[in-house]
Each structure stands twice: as structure tokens, then as C-alpha cells.
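Each chain, written out:
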Amino acid sequence: MSNPKLIIFSIFLTLLCHSVLAQADSTMATLQQIPGKYIGQVNKKIDRYTHRLTSKTEKTLTKLCRWENRVQKLLQKASPETAERLFANKDLTFAGLLEKLQQGKAITANTTAQYNDYRDKLTTSLKYLEQQKALIDSNIVKPVKATREKMEELEKEMAQTEAVQKFIKERKQQLISESIKYIGKSKYLTKINKESYYYVETLKNYKELFSDPKKAEQTAREILNKIPAFQKFTQQNSMLASLFGTPANYGTPQSLAGLQTRSSVNSLIQDRLAAGGPNAQQMMKEQMQLAQAEMNKMKDKLLKNIPSNGEGELPDFKPNNQRSKTFAQRTEYNFNLQFAKSNLLPSTADIGLGIGYKINDKSSAGVGMSYKLGMGSIQHISFTHQGIGLRSYLDWKLTLPRGGAGGGLFISGGFELNHNAAFKKINELKDKASWQQSGLIGLKKKLPMKTKLVKNTQVQLLYDILFRTHIPVSQPVVFRVGYGF
């Protein structure tokens, strides 16, 4: 007769195996739901971010080297001793730093980048997927490993970039504080100060763009969070866990033992107030208000005394926030529509498309094209080619007399070439006599819209200063409604 204990143990072992296999099958099924383009998308983001970091750092240091050399020449004439002191050690100059980067040498050894939640989650997800290579699609096993290795290289690049930022800040402060008393507010010191500011701001913008998860990343993260094993893996292997450690009973009620609850704190406060008499609550409220007022004063004083870009900041520097943006971020698209009717032409609709570039925070310029669609009349609707045009524009944001913003109000001007004659073939547009010029100036109002695609609604009221040269003479006032993207 078989041993009952052995039978029970066999049944238990069988059930355990079935449970493990079922869990593995469930994990596999969940992992298979991860979008196929997830790894490729992350891979491209890492490559783009790494290229932006290295390219921007090299371009910035090249400019700083050029201006640093000009400062050195000025100092050699004004104060040779200061020039010798500032440029004796090449390793402490922008030129020395650039040379190290071009040779592939490390700026500092054994440094780590500042903690970033997005990079931590992304790295942990890639490590988990790499461990689950038996459960994921075989086609993405190697790409997952390659992407994880790229993330490790990116962490090193981030650490080096942060070291470069620190070096630039310290060198800028040294040059300004030591040189300004001999060469004054030299334009080269101003350029060094501005370039160092825009370098830091540009890197911040690059980090925000990289840390913005795409749709495939969000989907993959949501799928992984459904797997209990991944949650446990994150608690034990994330960068945050390595910094602070994770208790064994993390996430359980036992891990909260000994911590004060909100109700216990409120009960303690009420007991103390009751012991202080009938006016204790009012006195406490007054004291809290006084303390808050003092804190605000100290905060304002501290912020007032701290320069916006560190020590050594030159005065009269108004940053252009657009300089830290990418080309795509500074590009704007617009669409506008204008209806017209005259005695010589049928009812028409002017459809305009344009692309612009933000020069700075207040102005933008661009070009565009327009198409005049003939719609016939109410009695006889027919669509015909009634004209085509080329446009250019320049917008300048108005500022109110008291210094406030103009509330999206712009002075708008532009030059246009319009072919207002009907045509059927492209060759008909070569006749220069059929083209007429327009010089427009007026106001543009941009009304913000809370949609992903449409950024704002644009209303334009323009005056054509060349309307009298048109044959026949056209209306001088132009009204357009459009949208910005």
C-alpha cells in the first residue's frame, strides 16, 4: 500500500506545477500584447536624444572656445597677469574640455547622472523584458538587449553632459568675475554668458522631449504593470530601489506599522487646543498666518538675490526662449479661409496654407500659398480654378502700455502676389500681366484652443495699401479667419 504522505506530497507537487505553468502561460500571453513597434520606437528615441546631446555640447563648446580666445587676447593687452592666471592650465579652459570630448576622454570618472523617473522606468522595463526572453517574441529578443545596452550608454552620456554643464558654469563665472574689471562688459563675455544659459535651457528641453512617452510606450507600460512578477521586479531592481532600498514587506499593511495616521495627528492637535483654553484655536490660526507671511518674505528675498542663471550674470539680458527649442517646436502651420464676391467674378473662396518660424517670443515670419476656388452662383453651382497666390507674412506681438501682454494681439504685415484670372492649365500662369501685388498690414488676434491638433483660432483684419494699383480696383479691407497648428 502506498504511503498516504507520499500521495499527498505528489498531489501538492502536481498542483504547484500546474499553477506555475498557468502563471507562465498567463505572463506569456500578457507579454505578447506589447506593441511590436515599442522597442523600435524606444531605440529611435535613444539615438535621437544621444545625438542631440553630443551635437549641442560640441557646438556650444566650439563657440565658447572662440569667444574665450578673444577674451584672452583682450586680457593680454589689459592685464597680462590675469591672462596668465586664467589660461595657464589648458585643462581648465573651454578649449581643453572640447579637446577631451573630441578624443573620447571622460570628463570625470565614476559619476552618475541625476535620477530621472522616466529613464528609471524605461531601463527597468527593458531589463525585465530581457530576462523574459523565453516568453517574448523571438524577433525582439536581440533588439531588447541592444536597446537596454543603449540605455546604459545614455546614462553615461547624461553623466558626462551634467559634468560639462557644471564645468561651463564654473568657467563662465571665473572668466566674468576676473575679466570684467579689466576689459569691462565685453561683447565676448556677454556671448559666453548667453551661450551657457541657452545650453542649459536647451538640454532641459531635450530631456522633456525624451521623457515624453509615446503611445506605444504607454501601452507597453500598462501591459507590464498587469504582471505581478514585473511589479516585484521593479521593487527590487529599479534605480530608486538601489538608492533607498525596498523593505521585504513593501506594499503590505505591515510596512505601515508605527506610522502616524492623519486621524491620529488631528486628534493630537485637538487635544492640545482643548488644553489651551477657549482662545487657543484663534491664537494658533493667527500664529500660522504670521509664520506664513514671514516665510513668504524670506522666499521673496531669497529669489530676489539669486541670479536667474547663477553667479556672474551680466545685466540687461533678456533670454529668447525660442533659442532653446528644436526646429520642429519653432515651426508653426496655419490655414485660413476668406470668401469674396464681385460683379466680374463668381462667388469665390480663398483657401490659404502657410508655414512659419518663430524668430523669438514676440515675432514670427513665414510664407504660404493660396488657391481661389470659384463656386459659381446660387442658380448655377460650379467649381472652377479662379486664381492662385503666393504669400509672406511677419507677425509682431503687441505689448500693453503698462507692460502686460497684448492678449494674443499681433501687428501683422505681408506681401502677396495673386493671379486672379481663371485658368485651366499651369502654362497660363506664366503671363506676368495677370499677376497683381498686395501689401497688407493690420491686426491679427490669436484665440487659444484646447485641442491637440488646433493650437489657436486666428482672426485677421488687414488693409491693402496697394489696392488702387489693381485692375479693376479691389476692396482695400481684407478679413480672414484661420487656424494655427
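### Considering the overall build of the protein
No. 1: Within the protein one finds 13 helices and eight strands.
No. 2: Residues counted as buried form 34% of the 485 residues belonging to the protein.
No. 3: Taking the intrachain contacts of the protein between residues at least 6 apart in sequence as the baseline, contacts between residues at least 24 apart amount to 66%.
No. 4: For the protein, the exposed surface amounts to about 31500 Å²; the carbon and sulfur share of it is 58%.

### Description of the nonpolar core
No. 1: Within the largest apolar cluster, 51 residues are counted, with the highest numbers of intra-cluster contacts made by Tyr38, Phe94, Leu122, Leu154 and Phe210.
No. 2: Where this core is concerned, the elements lending two or more residues are helix H2 (38–78), helix H3 (80–87), helix H4 (94–102), helix H5 (117–131), helix H6 (141–183), helix H7 (187–210), helix H8 (215–225) and helix H9 (228–237).

### Here's the deal with the side chain of arginine 391
No. 1: Mapped onto the fold, arginine 391 is located in strand S4 (residues 381–399).
No. 2: Residues in contact with arginine 391, not counting those within four places in the same chain, are Asn336, Asp350, Gly352, Gly366, Val367, Gly368, Ser370, Phe415, Glu416 and Arg480.

### Describing the side chain of asparagine 336
No. 1: With respect to the helices and strands, the residue asparagine 336 is situated in strand S1 (residues 331–340).
No. 2: The buried category is assigned to asparagine 336, whose relative accessible area is 7%.
No. 3: Excluding its chain neighbours within four sequence positions, the residues that come into contact with asparagine 336 are Asp350, Ile351, Gly352, Arg391, Gln460, Arg480, Val481 and Gly482.

### Things to note about the pattern of salt bridges
No. 1: Taken as a whole and assessed by the stated rule, the structure comprises 15 salt bridges.
No. 2: Residue glutamate 68 is joined to arginine 171 by a salt bridge in which the shortest nitrogen-to-oxygen separation is 2.8 Å. Taken as a pair, glutamate 68 in helix H2 and arginine 171 in helix H6 lie far apart in primary sequence, 103 residues in all. Taken as a pair, glutamate 68 and arginine 171 share a single burial class, namely buried.

### Some words on the pairing of strand S8 (residues 477–484)
No. 1: Residues Val478, Arg480, Gly482 and Gly484 point to one face of S8 and are all buried, whereas Val477, Phe479, Val481 and Tyr483, pointing to the other face, are not buried.
No. 2: Pairing analysis gives eight bridges linking strand S7 (residues 456–464) to S8, with the strands arranged antiparallel. Each residue of the ladder has a partner; that of glutamine 458, found in S8, is glycine 482.

### Focus: the environment of glycine 442
No. 1: As for its placement among the helices and strands, glycine 442 is situated in strand S6 (residues 435–448).
No. 2: Leaving out residues up to four positions away in the same chain, glycine 442 has contacts with Phe410, Ile411, Ser412, Leu461 and Leu462.

### Describing unusual backbone geometry
No. 1: Looking along the chain, the bond that leaves isoleucine 471 and enters proline 472 is cis, with omega of -5 degrees.
No. 2: With respect to the helices and strands, proline 472 occurs in the loop between S7 and S8.

### Looking at a nonpolar patch on the surface
No. 1: A cluster of nonpolar side chains, Trp396, Ile411, Ile441, Leu443, Leu461, Tyr463, Ile465, Val477, Phe479 and Val481, forms an exposed patch at the surface whose accessible area comes to about 950 Å².
No. 2: The set of elements that each furnish at least two residues to the nonpolar patch consists of S6, S7 and S8.
No. 3: It is S8 that provides the largest number of residues to the nonpolar patch, a total of three residues.
No. 4: On the secondary structure map, leucine 461 appears in strand S7.

### Here's the deal with a positive patch on the surface
No. 1: Among the surface-exposed residues, Arg66, Arg70, Lys73, Lys77, Lys187 and Lys191 lie close enough to one another that they form a single positively charged patch.
No. 2: Sort the elements by how many residues they give to the positive patch and H2 lands first, with four residues.
No. 3: Mapping arginine 66 onto the fold places it in helix H2.

### Remarks on H9
No. 1: Where H9 is concerned, the buried positions are Phe230, Phe233 and Thr234. Buried residues of H9 fall within an arc of 100 degrees about the axis and therefore sit on the same side. In H9, the exposed positions that point more than 90 degrees away from the buried face belong to Pro228, Lys232 and Gln236.

### Comments concerning the environment of lysine 318
No. 1: Within the fold, lysine 318 resides in the loop between helix H12 (280–305) and helix H13 (327–330).
No. 2: The exposed category is assigned to lysine 318, whose relative accessible area is 78%.

### Thoughts on the packing of aromatic side chains
No. 1: Scanning the entire structure with this criterion turns up six aromatic pairs.
No. 2: Pairing phenylalanine 94 with phenylalanine 167 gives two aromatic rings, centres 6.4 Å apart and planes at 65 degrees, and the pair type is edge-to-face. Placement of phenylalanine 94 in helix H4 and of phenylalanine 167 in helix H6 is noted, with a sequence separation of 73 residues between them. One exposure class covers both phenylalanine 94 and phenylalanine 167, and it is buried.
No. 3: Seen from their ring centres, tyrosine 118 and phenylalanine 210 are 5.4 Å apart, and the 90 degrees between their planes marks the pair as edge-to-face.

### Some thoughts on the confidence of the model for the protein
Caution applies to low-pLDDT parts of the model: their predicted coordinates are not meant to be read in detail.
No. 1: Looking at the protein, the pLDDT average stands at 79 and 79% of residues meet or exceed 70.
No. 2: Per-element averaging of pLDDT across the protein places helix H1 (residues 4–31) at the bottom with 53 and H7 at the top with 92.
No. 3: Predicted confidence is poor over residues 15–25, with pLDDT under 50, and the contacts of this stretch with residues over four places away or in other chains come to one contact.
No. 4: Contacts of residues 305–315 to residues separated by more than four positions or lying in other chains number 19 contacts, the stretch itself having pLDDT below 50.

### Regarding the environment of serine 79
No. 1: Mapped onto the fold, serine 79 is located in the loop between H2 and H3.
No. 2: Residue serine 79 is classed as buried on the basis of its relative accessible area of 5%.
No. 3: Separated by 103 residues in sequence, serine 79 and tyrosine 182 place their C-alpha atoms 6.8 Å apart.
No. 4: Looking at serine 79, its side chain comes within polar contact range of the side chain of threonine 82, at 2.7 Å.

### Re the packing of H2 against H3
No. 1: Across the interface, H2 lies against H3 with an axial gap of 6 Å and an inter-helix angle of 145 degrees. Side by side, H2 and H3 meet where Glu68, Gln72, Leu75, Gln76 and Ala78 of the first sit next to Pro80, Thr82, Ala83, Leu86 and Phe87 of the second.
No. 2: Considered class by class, the residues forming the contact of H2 with H3 number six nonpolar, three polar and one charged.

Rules behind the numbers
Residues numbered from 1 in each chain as written. Predicted model: local features only at pLDDT ≥ 70, side-chain atom pairs only at ≥ 80, totals over all residues. Heavy atoms only, no water. Helix = DSSP H or I, 4+ residues; strand = E, 2+ residues; numbered from the N terminus. Buried < 20%, exposed > 50% of the residue type's maximum accessible area, 1.4 Å probe, protein only. Contact = heavy atoms within 4.5 Å. Areas by Shrake-Rupley, 256 points an atom, 1.4 Å probe, with all protein chains shown as cover. Core = buried A, V, L, I, M, F, W, Y, C linked by side-chain atoms within 4.5 Å. Salt bridge = Lys/Arg side-chain N within 4 Å of Asp/Glu carboxyl O. Pairing = 2+ DSSP bridges. Patch = residues over 30% accessible without salt bridge, like charges linked within 9 Å, V, L, I, M, F, W, Y side chains within 5 Å. Lys, Arg positive; Asp, Glu negative; His and termini not counted. Charge placed at Lys NZ, Arg CZ, Asp CG, Glu CD. Arc of directions from axis to C-beta. Phe/Tyr/Trp six-rings, centres within 6.5 Å; stacked < 30°, edge-to-face > 60°. pLDDT = per-residue confidence, 0-100. Polar contact = N/O pair within 3.5 Å; in protein donor to acceptor, adjacent residues only side chain to side chain. Axes fitted to C-alpha atoms, helices over the stretch in contact; angles between N-to-C directions. Nonpolar A, V, L, I, M, F, W, Y, C, P; charged D, E, K, R; others polar.

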